[in-house]
Amino acid sequence: PDGGHCFMQVCETLQPTRARMLRFNSLSTDADSFMRARQSLTPADLAALQLDLVRAGVIDESGRLSAGCEEEDIISTFFVRLSSPADTTRQPDLYAENMAMWRENASGRGGCPFLLATWAPRASAGGGSSPPPRRRSASLASEYPAIGDLGVCASLRHRYLLLNGDEAADPQLFNVLVIGKSMALAGDNETEASMSEPSSRGRRIESLGHAIQLVEDMRKEAHAHAERSGWSAKVGLFFEVFPHASLDSLYLHVFDMLEPGTDQPVVLPEGLRSRLLSLDDALHVLQVERNVEKAAWVDGAEREAWRIHVVCVSPSSQNRGNLTLSCVREVYTDFPSVVNSIEVVHDERDADRKIYAPSFLFHTIPRPARSDTKWAEEPWDSVCAIGGMSDEQGASLKRVIAERHCRFGINGTPGFNIGFSEKAAELTRWLQDRASQANKASPPQAAQGLVRGQGIVEDASVALVVNLEEHATYLGLLPRTAQLAAKQSRVAFPLTARGRTSDGAGSYGRQFRDAEERPTTRERGWFIRLAEAYARELGKSHPESAQRLAELADALLHADLSAMAEEGEVKGDKDELGALLQVCDEFVRPEVVAAMHASAERLFHILIKCDAEVGVVQSKIYDAKLALSMAVQLAVEAGLPAGYGEFGLGEPDERGMSAVCDRPLVRDLVFTLMSLHKDKDKGRYVPQDEELRRRVDAALNCLQRLPVRMRQLMICDTGVDPNEDDLVAIMMVANINLLCEGKLDAGCGSGGAGGPRPGPVPAVRQRFQSGRIYESKG
């Protein structure tokens, strides 16, 4: 009964670093918590951890993970013994499976790099006719409660994928928490000061590259084994993270997540499920770390001639800035000059704003986004405002446009992006008037600073509509960090929505639409079912937030929404939906939002299922469409041989708005432009239809002759929109600039990033500066 207390006493004596981590490190079960755990490990921690393992006998005198022996069996490195040449039994029941894996060698690594294993009594038998020792008998799991759940899995389709041979005993690979990090002993480890030296950073980049390759190879082998064994297509791949892992070696759980012969999902034992980290999350964190190191490695690289200044606003602006900066580093890891040319800052002047989005948390990052509240004082060539601003920030935007006479694109109308106040409505009318005057500018007006085509103010009526399949493709083109942020935003959106509710749909229903492109409406019962489903899913991981959501479901059931609407107790208009959102607001506090964000991967599927009940089959993409509209307007104004129709857009109205006339073409242009920095065979989007490929190629050939916008200001609220198209707009603007400079291939049908430019390139390139066209030698 007191085994846990005794274990901690022994642990604190032999392995104080492990004991400290057990007390203070939460379980690493998703990308965010795993990233925090890795970031918390300093070089001194790693050295102390290795001394712990030496003191406990996990690392032997040779500096390798101990394989143990018959007389002195170290249970925590049992898998090391199984993978070592000294153990000749090699789990005879799995001999055929291992031989098949080694023959096929799906990962392409040399030799026999991996070993399949199972947790069964005979798996650890000493071989021959002699019985195994008592401590390696059938009661093994019961004698070691920490690994008791492993025995329960014997009835499932379940295997362990282990490292084989020498790698199995490498202390640098003893757990997924430390792979890619230096486990040098104290005295040999990197100091905090030396970590920024180029040679040290280069070693870390190389080490992380090896770790990423290892994890990717483990995934390939695991999927190949599942296919050979006739498992379902739904395969679960999970690591256990130190110090909560059962054994001290690197091993991958491989599960068939469906019951054999059925579509019923497998329910893993709770004690095991609560400490599993998916392989995809682990891989994502390793890739982000390498990208950050690469970005720092090339800090001395030259900048591009152009500059994009991204100002993150809205609640939690600093966190949104860090999210944006992390995504930029992830996207442009192979373009260091681009990373240096996209300046991400945050503007926290939002004390007077009406909150329309919940708070947003994002982990700290190296070299985080800095604060900048004086961005209006700089000269900008163009402004793209796609984030919700406070009155003070709106005044800065008006000043930039009025004084600099720069081109601008604004996405929003009163009550949406700009805000709710009278000043916000006044600003929107001023922007619309300015756009109308500019688009009808006469020569005298041009002399006063108005430039024809200077402004665009778009709203939801001209957004790009994508179906669910296209939406999945779109999300897949985002960097992994943004994919998770999009899911976090969406799972919280229905219960935290703000804005106009008189249409019965609200802001969430207007974004996710039915087959007729109509906003979807939700009754009281829908919100009750969603809150109850969320509460059930969060019950184990976030019990307090689950209780709040269960209370919300009960409150919604008994609330007198009509009376609340009459009395003005609403979040939105004076109607039942506004009253319903008011009830949600009372229970969905910041801590509940944080719990939903932390569990977004699990809650996302619940929300998708609930949305299907009300007929959601489409979504709208706003900001990426605005970025395309601005580029096309500039192309037309520059006299390039293409009109709006060649880009799938209609002629603009007096406010500069261009409707989507050819949805497939606009969709493929957005998808291609947002992935143009990738090689064709490494993630770049390629239209499936040959005619669409031809038309996209023609449009790109036109865009590559655009004047380069040298100084661009973008105002974003990354992390608010469930489509994360703020980030997509940034990627499109940067990729168009790279295209104009000849650093990206304009063709969809051939070539890749950095390939040759098709078509003639003029010797003199037009560049756009301060609202006017001038010529400079390119």
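With respect to the overall build of the protein chain
- Broken down by element type, the protein chain carries 29 helices and 18 strands.
- When burial is assessed residue by residue, the protein chain has 57% of its 778 residues classed as buried.
- Residue pairs at least 24 apart in sequence account for 75% of intrachain contacts in the protein chain once pairs closer than 6 positions are excluded.
- Accessible area of the protein chain: about 31300 Å², with a carbon and sulfur share of 52%.

What about the packing of helix H20 (residues 524–538) against helix H21 (residues 543–558)?
- Between H20 and H21, whose axes approach to 8 Å, the crossing angle comes to 160°. Accordingly, the angle class assigned to the pair H20 and H21 is roughly antiparallel. Crossing handedness for the pair H20 and H21: left-handed. Facing H20, whose interface residues are Arg524, Phe527, Ile528, Ala531, Glu532, Tyr534, Ala535 and Leu538, H21 presents Pro543, Ala546, Leu549, Ala550, Leu552, Ala553, Leu556 and Leu557.

Some remarks on the pairing of strand S1 (residues 114–117)
- Covered by surrounding structure in S1 are Phe114 and Leu116 together with Leu115 and Ala117, the residues of both alternating faces.
- Relative to strand S2 (residues 158–163), S1 runs antiparallel, the two sharing 4 bridges. Bridge pairing in S2 links Leu116 to Leu161.

A short note on the nonpolar core
- One finds Tyr332, Ile342, Met674, Leu706, Met714 and Met732 to be the most contacted residues of the largest nonpolar core, which totals 81 residues.
- It is helix H29 (residues 725–740) that provides the largest number of residues to this core, a total of 12 residues.
- Once residues within four sequence positions are removed from consideration, Met732 is found in contact with Ala624, Ala627, Leu628, Val670, Leu673 and Met674.
- Counting 47 residues, the second largest nonpolar core, distinct from the first, contains Phe114, Ile212, Leu214 and Val288.

Quick look at unusual backbone geometry
- Each neighbour pair has its own omega, and for Phe242 with Pro243 the value is 5°, a cis peptide bond.
- Its place among the elements puts Pro243 in the loop between strand S3 (235–240) and strand S4 (251–256).
- One non-glycine residue, Glu517, lies in positive phi territory at about 65°.
- Mapping Glu517 onto the fold places it in the loop between strand S13 (512–513) and H20.
- Classification of Glu517 as partly exposed rests on a relative accessible area of 39%.
- Phi is positive for Glu724, close to 50°, though the residue is something other than glycine.
- By the element assignment, Glu724 lies in the loop between strand S16 (711–716) and H29.
- Since its relative accessible area comes to 1%, Glu724 is described here as buried.

Some details on helix H6 (residues 95–104)
- Turning to H6, its buried residues number three or more, namely Asn98, Ala100 and Met101. End-on view of H6: buried residues confined to an arc of 160°, all on one side of the axis. When the buried face of H6 is taken as reference, the exposed residues oriented beyond 90 degrees from it are Tyr95, Ala96 and Arg103.
- Directly beyond the C-terminal end of H6, a positive phi value near 50° is found at Asn105.

Here's the deal with the sheet that holds strand S11 (residues 455–458)
- Taken in spatial order, the 7 strands line up as S8-S7-S6-S16-S9-S10-S11 in an open sheet, and their pairing is parallel. Each of the sheet's edge strands pairs with one partner strand only, and the pair in question is strand S8 (370–371) and S11.
- For strand S6 (residues 307–312) and S16, the ladder comprises 6 bridges, and the chain directions are parallel. The partner of Cys312 across the bridge, within S16, is Cys716.
- Strand contacts of helix H26 (residues 623–637): strand S9 (382–385), strand S10 (407–411) and S11, with the helix running at about 155° to S10, the strand carrying the most contacts.

Let's talk about the sheet that holds strand S5 (residues 276–278)
- Read across the sheet, 5 strands follow the order S1-S2-S4-S3-S5 without closing on themselves; strand pairing throughout is antiparallel. The open sheet has two edge strands, S1 and S5, and neither has a second partner. Shown here is a sheet whose adjacent strand axes are inclined to one another by a mean of 35°, direction ignored.

So, the pairing of S11
- Alternating residues of S11 divide into Gly455 and Val457 and Ile456 and Glu458, and every residue in both groups is buried.
- Here S10 runs beside S11; their pairing, made up of 4 bridges, is parallel. Its bridge partner being in S11, Phe408 is matched across the sheet by Gly455.

Considering the packing of aromatic side chains
- Within this structure, the stated rule accounts for 8 aromatic pairs.
- Cluster of aromatic residues (ring-pair linked, three or more members): Tyr474, Phe671 and Tyr685.
- Just above the ring of Phe604 sits the side chain of Lys487; from NZ or CZ to the centre is 5.3 Å.
- Taking NZ or CZ as reference, Arg522 lies 4.9 Å from the ring centre of Trp526, over its face.

Observations regarding the environment of Ala497
- Within the secondary structure layout, Ala497 lies in the loop between helix H18 (480–496) and helix H19 (506–511).
- Residue Ala497 is classed as buried on the basis of its relative accessible area of 5%.
- Separated by 88 residues in the primary sequence, Ala497 and Asp585 have C-alpha atoms spaced 9.1 Å apart.
- Among all residues touching Ala497, those that are not within four sequence positions of it are Ser507 and Leu581.

Things to note about the state of the cysteines
- Using the criterion set out here, one finds 0 disulfides in the structure.
- Left unpaired, Cys716 is separated from the closest cysteine sulfur, that of Cys312, by 5.9 Å.

Digging into the pattern of salt bridges
- Under the criterion given, the structure shown has 34 salt bridges.
- Two residues, Asp347 and Arg349, come together in a salt bridge whose shortest N-O distance is 2.8 Å. The residues Asp347 and Arg349 share a single accessibility class, namely buried.
- Within the structure, one salt-bridge network assembled from shared partners comprises Asp281, Arg480, Lys487 and Glu601.

Examining the confidence of the model for the protein chain
- Mean pLDDT over the protein chain works out to 78, with 76% of the residues at or above the 70 mark.
- The secondary-structure element of the protein chain with the lowest mean pLDDT is helix H7 (residues 140–143), recorded at 32, while helix H27 (residues 663–674) shows the highest, at 97.
- Low confidence marks residues 1–5, where pLDDT is under 50. Its contacts with residues over four positions away, or in another chain, come to 0 contacts.
- Low pLDDT, under 50, characterises residues 121–154; the stretch is placed with 57 contacts to residues that sit more than four places away or in other chains.

Conventions used here
Residues numbered from 1 in each chain as written. Predicted model: local features only at pLDDT ≥ 70, side-chain atom pairs only at ≥ 80, totals over all residues. Heavy atoms only, no water. Helix = DSSP H or I, 4+ residues; strand = E, 2+ residues; numbered from the N terminus. Buried < 20%, exposed > 50% of the residue type's maximum accessible area, 1.4 Å probe, protein only. Contact = heavy atoms within 4.5 Å. Areas by Shrake-Rupley, 256 points an atom, 1.4 Å probe, with all protein chains shown as cover. Axes fitted to C-alpha atoms, helices over the stretch in contact; angles between N-to-C directions. Parallel < 35°, antiparallel > 145°, perpendicular 65-115°, else oblique. Left-handed = near helix turned anticlockwise from the far one by under 90°. Pairing = 2+ DSSP bridges. Core = buried A, V, L, I, M, F, W, Y, C linked by side-chain atoms within 4.5 Å. Arc of directions from axis to C-beta. Phe/Tyr/Trp six-rings, centres within 6.5 Å; stacked < 30°, edge-to-face > 60°. Lys NZ or Arg CZ within 6 Å of the ring centre and 35° of its normal. Disulfide = S-S within 2.5 Å. Salt bridge = Lys/Arg side-chain N within 4 Å of Asp/Glu carboxyl O. pLDDT = per-residue confidence, 0-100.

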